[in-house]
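Coordinate analysis (summary)
Spelled out, the chains give:
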Amino acid sequence: MPSLVNNEIEAAVKGFLIDQEKMVEVVERMTKEIKMGLAKDTHARAVIKCFVSYVQDLPTGKERGKFLALDLGGSTFRVLLVNLVSGSDVETTSKSFNFPVTLMAGSGKALFDFLAECLSEFCHHHGLENESLPLGFTFSFPLQQQGLSKGLLVAWTKGFSCEGVVGKNVVSLLQEAIDRRGDMKVNTVAILNDTVGTLMSCAFYHPNCRIGLIVGTGSNACYVEKTVNAECFEGYQTSPKPSMIINCEWGAFGDNGVLEFVRTNYDKIIDRVTPNPGKQTFEKCISGMYMGELVRLVVIDMVAKNLMFHGITSEKIQERWSFKSSFISDIESDPPGEYRFCNKVLNEIGIVGCPEPDKEALRFICEAVSSRSAKLCACGLVTIINKMNINEVVIGIDGSVYRFHPKYHDLLHFHMKKLLKPGVKFELVASEDGSGRGAALVAATAVQGKAKL
């Protein structure tokens, strides 16, 4: 690659390259924000809300029975039947449903009627319509919980904007839609965030799991806090249970301006065209919904300056959101000096016959965007581990970015090790089906907790 092009492209992505000093600063700022979210006095003005999940019991491995789970997580919607047969045997039957894009911006009633219709279809298909089954509802949007089965939607994220839902109890909206149909005996006993499901699912097999992380379409984390520190829980001083899972909602970190020092002009362009400008700042630097578009913005900038794809035009690359985040995983899967996956991606976006230096440049841009994502995620996890003040922890992780990016796990591990105090041991574990098995486990601990009363 001619040095001029190299220098200019390096300069363009320089803002994505966060050094150790900046990472330490991110941890310090995030620590302050989490403390504000937990404290009753400062919660109202905190950007990391640290919502109380009302989940105080981690799985023991002794949970048994059949449970339904609904998973609404953004781009996907699933219905699941989870049968907890034994501590090592969990039978899961699930069906994914095509989610009509029109529902994302329609009425809340239409959305919940659709969810109930899918649930009914699933129950009838599996002969469950006459069984009284408890349901755990994984709802992966910012929720302010007022109980295990009462959660108010704080704000839509991930491109949703259904009217009549913000500020409402999502469990009631779902249960009303189920009851309107009158063709199944389903009782929604728990609502949870996908991070909580991820933690619970992982803890079923790894008793030392104390953190749940999602890096997929969106990004968020939850962790096990001492109940006495969860000041927004009305029983925080009197609860007989020592722990409370806290849903951080860390995607909003930086909404008050404290992350400007790691944001680029490209981040600001993306923010302006999203349905929620000025919101979910941290998430927009990290998650799969935005990484591909960040790469595309850098590329079209380089094309406009005649630094890449000289004379090769593509209408596709000019379209917003046309460069999928999965393309980054594909491009970075190629061994050095090979471009099999890269060629496939270029072909898909209508760029054919470009020279090797352009492919190198594209890979360089992808690496800059994905490594920043992993570094910021590492900062967040280190902040939580420091806050918990523990020396050994398992972190359950789910989400398409973590699962499919070839280097994400190693990048996370490397940067966490650099930031953590010496001697702190941690394990990153891919959590299996947090939104399904995890939801069933929350429902199981809820039902079995009530049975003990």
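Computed from a predicted model, the values in this text were never measured in an experiment.

Each value, and the rule that gives it
Residues numbered from 1 in each chain as written. Predicted model: local features only at pLDDT ≥ 70, side-chain atom pairs only at ≥ 80, totals over all residues. Heavy atoms only, no water. Helix = DSSP H or I, 4+ residues; strand = E, 2+ residues; numbered from the N terminus. Rg over C-alpha atoms; globule rule 2.2 N^0.38 Å. Buried < 20%, exposed > 50% of the residue type's maximum accessible area, 1.4 Å probe, protein only. Contact = heavy atoms within 4.5 Å. Areas by Shrake-Rupley, 256 points an atom, 1.4 Å probe, with all protein chains shown as cover. Pairing = 2+ DSSP bridges. Axes fitted to C-alpha atoms, helices over the stretch in contact; angles between N-to-C directions. Core = buried A, V, L, I, M, F, W, Y, C linked by side-chain atoms within 4.5 Å.

1. A short note on the overall build of the chain
A count of helical and extended segments in the chain gives 15 helices and 13 strands. Its C-alpha atoms give the chain a radius of gyration of 22 Å, near enough to 22 Å, the size a compact globule of 453 residues would have. Along the three orthogonal principal directions, the C-alpha set of the chain runs to about 75 × 50 × 40 Å. For the chain, the proportion of its 453 residues judged to be buried stands at 57%. For the chain, the share of sequence-separated contacts (at least 6 apart) that also reach a separation of at least 24 residues comes to 71%. Carbon and sulfur atoms make up 51% of the accessible area of the chain, which amounts to about 18,700 Å² in all.

2. Some words on the sheet that holds strand 3 (residues 77-84)
Across the sheet, which stays open at both edges, the five strands sit in the order 4-3-2-5-8 with mixed pairing between neighbours. Each edge of the open sheet carries a strand with a single partner, namely strand 4 (90-97) and strand 8 (186-192). Across the sheet, the mean angle from the axis of one strand to that of its neighbour is 25 degrees, orientation sign disregarded. Against the sheet, helix 3 (residues 108-125) engages strand 2 (65-72), strand 3, strand 4, strand 5 (133-139) and strand 8, with an angle of about 45 degrees to strand 3. Strand contacts of helix 5 (residues 194-205): strand 4, strand 5 and strand 8, with the helix running at about 95 degrees to strand 8, the strand carrying the most contacts.

3. Structural notes on the side chain of Arg 363
Here Arg 363 lies in helix 12 (residues 356-388). Residue classification places Arg 363 among the buried positions, given a relative accessible area of 9%. Apart from the residues within four sequence positions on either side, Arg 363 is in contact with Ile 331, Glu 332, Asp 334, Pro 335 and Lys 407.

4. What about the sheet that holds strand 1 (residues 51-52)?
In a beta sheet, neighbouring strands are held together by backbone hydrogen bonds and run either parallel or antiparallel to one another. In space, the six strands of this open sheet follow the order 1-11-10-9-12-13, with mixed pairing throughout. The open sheet has two edge strands with one neighbour each: strand 1 and strand 13 (425-430). Note: strand 9 (residues 209-215) against strand 10 (residues 219-226), five bridges, orientation antiparallel. Paired with Val 215 across the strands is Ser 219, a residue of strand 10. Sheet contacts for helix 5: strand 9, strand 10, strand 11 (243-247), strand 12 (392-398) and strand 13; angle to strand 9, the most-contacted strand, approximately 135 degrees.

5. Quick look at unusual backbone geometry
Backbone geometry at Phe 309 places phi at a positive 50 degrees, although glycine is not the residue there. Relative to the elements of secondary structure, Phe 309 occurs in the loop between helix 8 (288-304) and helix 9 (315-318). A positive phi angle, near 65 degrees, is found at Trp 321, a position not held by glycine. Summarising the element assignment, Trp 321 is placed in the loop between helix 9 and helix 10 (325-333).

6. Topic: the nonpolar core
Considering soluble globular proteins, one finds that nonpolar side chains tend to be buried as a cluster. Formed by 91 residues in total, the largest nonpolar core has its most connected members in Leu 213, Trp 250, Phe 323, Ile 395, Leu 412 and Met 416. Counting residues per element, this core draws most heavily on helix 12, at 16 residues. Here Leu 213 is in contact with Thr 198, Ser 219, Asn 220, Ala 221, Trp 250, Cys 377, Leu 381, Ile 395, Gly 396, Ile 397, Asp 398 and Leu 412, once residues within four sequence places are set aside. Core analysis: the second largest hydrophobic core is formed by 40 residues, Phe 99, Cys 118, Leu 173 and Ala 177 among them.

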